[in-house]
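# Topology and contacts: notes
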Amino acid sequence: MDIAKATKSSDWTNASEILCRVVDRLAHLGRHLWTMDQVSMQGLKESYSLEDLHFLMLNDRRIGVVFLQKSDPMFWPEINENDSLFVHKLALDPTFQGKGNGIIAVSKVLRAADARGLSWLRLDCDDRSELHRFYQQCGFDFVDLKEMPNFKVARYQLLTSTGKRRQKAARLL
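Throughout what follows, the structure given in this document is the object of discussion.

Thresholds, definitions, all that
- By convention here, each chain's residues receive numbers from 1 onward along its written sequence.
- Where local features are concerned, this predicted model is filtered to residues with pLDDT of at least 70; where side-chain atom pairs are given and counted, the filter is 80 or more; whole-chain, interface and lining totals use all residues.
- The basis for the side-chain values is all heavy atoms of the structure; hydrogens and waters are excluded.
- Side-chain atoms within 4.5 Å are what join buried Ala, Val, Leu, Ile, Met, Phe, Trp, Tyr and Cys residues into a set we call a nonpolar core.
- Working definition: with a 1.4 Å probe on protein chains only, accessible area under 20% of the residue-type maximum means buried, over 50% means exposed, and in between means partly exposed.
- The numbering of helices and of strands both runs from the N terminus, where a helix is a DSSP run of H or I of at least 4 residues and a strand a run of E of at least 2.
- Two strands pair under a simple rule: DSSP has to find at least two bridges between them.
- Here, residues are in contact when the closest pair of their heavy atoms is within 4.5 Å.
- Residues are said to line a cavity or pocket when one of their atoms sits within 4 Å of a point; the points come from a 1 Å grid over protein atoms alone, cavities being sets where a 1.4 Å probe fits but cannot get out and pockets being open sets with protein on both sides within 12 Å along at least five of seven lines.
- Grid points are joined across faces, edges and corners, and a volume is the space filled by probe spheres set on the points.
- Note that Gly is not counted as nonpolar here; it falls among the polar residues with everything else outside the nonpolar set of Ala, Val, Leu, Ile, Met, Phe, Trp, Tyr, Cys and Pro and the charged set of Asp, Glu, Lys and Arg.
- Geometry is summarised by axes, namely lines fitted to C-alpha atoms with helices restricted to the contacting stretch, and by angles between N-to-C directions that run from 0 to 180 degrees.
- Any pair of Phe, Tyr and Trp rings, taking the six-membered ring for Trp, is counted once the centres come within 6.5 Å. Such a pair is stacked with planes under 30 degrees apart, edge-to-face with planes over 60 apart, and tilted for the rest.
- Only lysine NZ and arginine CZ atoms are considered, and such an atom sits over a ring when it is within 6 Å of the ring centre and within 35 degrees of the ring normal.

## Considerations on the nonpolar core
One finds Leu56, Val87, Leu121, Leu123, Tyr135, Phe140 and Tyr156 to be the most contacted residues of the largest nonpolar core, which totals 23 residues. For this core, the secondary-structure elements that each account for two or more residues are strand S3 (61-69), strand S4 (84-92), helix H4 (101-115), strand S5 (120-126) and strand S7 (152-159). If you tally residues by element for this core, the top one is H4, at four residues. With 18 residues, the next largest nonpolar core counts Trp12, Leu19, Val23 and Leu26 among its residues.

## So, the pairing of strand S6 (residues 141-147)
Where S6 and S7 come together, six bridges link them in antiparallel fashion. Paired with glutamate 147 across the bridge in S7 is lysine 152. Between S6 and the antiparallel strand that follows it, S7, lie four residues.

## Things to note about the side chain of serine 16
For serine 16, the location among the structural elements is in helix H1 (residues 11-28). With sequence-adjacent residues up to four places away left out, serine 16 is seen in contact with Val39, Ser40, Met41 and Leu44.

## A few points about the environment of isoleucine 18
Positionally, isoleucine 18 belongs in helix H1. In the structure, isoleucine 18 is positioned 44 residues away from arginine 62 in sequence and 8.6 Å away in space, judged by C-alpha atoms. Here isoleucine 18 is in contact with Phe55, Arg62, Gly64, Val65 and Asp93, once residues within four sequence places are set aside.

## Side note on the layout of surface pockets
Each pocket or cavity is described by its volume, and for the largest pocket that value is around 1,400 Å³. Considering the residues around the largest pocket, the lining is formed by 46 residues, among which Leu33, Trp34, Leu90, Leu131 and Tyr135 are closest to the centre. Elements that contribute at least two residues to the lining of the largest pocket include exactly H1, helix H3 (41-47), S4, H4, S5 and helix H5 (129-137). Ranked by residue count, the leading element in the lining of the largest pocket is S4, at six residues. For the lining of the largest pocket, the class distribution of residues is 24 nonpolar, twelve polar and ten charged.

## Considering the sheet that holds strand S1 (residues 2-5)
Here seven strands make up an open sheet; going across it, the order is S1-S2-S3-S4-S5-S7-S6 and the pairing mixed. Edge positions in the open sheet fall to S1 and S6, since each of these has one partner strand only. Pairwise comparison of adjacent strand axes, ignoring direction, gives a mean angle of 30° for this sheet. Sitting on the sheet, H4 is in contact with S1, strand S2 (53-58), S3, S4, S5 and S7, with an inclination near 155° to S4.

## Regarding the packing of aromatic side chains
Using the criterion set out here, one finds eight aromatic pairs in the structure. On the basis of an interplanar angle of 20° and a centroid distance of 4.0 Å, the ring pair of tyrosine 48 and phenylalanine 67 is categorised as stacked. Here the residue tyrosine 48 occupies a position in the loop between H3 and S2, and phenylalanine 67 occupies one in strand S3, the gap between them amounting to 19 residues. With respect to burial, tyrosine 48 and phenylalanine 67 carry one shared label: buried. When the ring of phenylalanine 142 is compared with that of tyrosine 156, the centres are 5.5 Å apart and the planes differ by 70°; the resulting orientation is edge-to-face. One end of the pair, phenylalanine 142, is in strand S6; the other, tyrosine 156, is in strand S7, and 14 residues separate them in sequence. Assessed through its relative accessible area of 40%, phenylalanine 142 is described here as partly exposed. What links up through ring pairs into an aromatic cluster is the set Phe134, Tyr135, Phe140, Phe142 and Tyr156. Directly above the aromatic system of phenylalanine 55 lies the positively charged group of arginine 62, at a separation of 4.2 Å from the ring centroid. Sitting over the ring of tryptophan 76, arginine 155 keeps its end group 4.2 Å from the ring centre.

Purely spatial values, then, with no claim about function.
The structure is reproduced here in structure tokens:
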């Protein structure tokens, strides 16, 4: 699996299509997460830039979506340093779920943070036991539950290899 950065405006359509399939699948399972408005092309454009949009690729096929941001003032307002990569809407097309691809996707995103020289990978997710288990299985540390105006999110963070080297160097000083 690889991560490919979006490059053209038609990529918005591809991202929305994948996310709409995810929303449909979750709704069918009774586990509503995002609304169709949030994952529509317009909704995505209102929340993210094309620079944030990345695809999870398997054999040159787009099997998932992830938005990677340099800052996240809405969910992580206390983090103002340029040392984190913030993950949003990490989602695999339903046909590729349940096959270990989620853990591989997180490891690829972690490598992307390392490649950018960042110390932390941070994210927020819905407060659901299955998401808590998944992110903890991927090595993330639970930070807290954050109350938002109309919902609550669980916040997680993971120290990258770059961050571990920096912490080790700081201890040696």
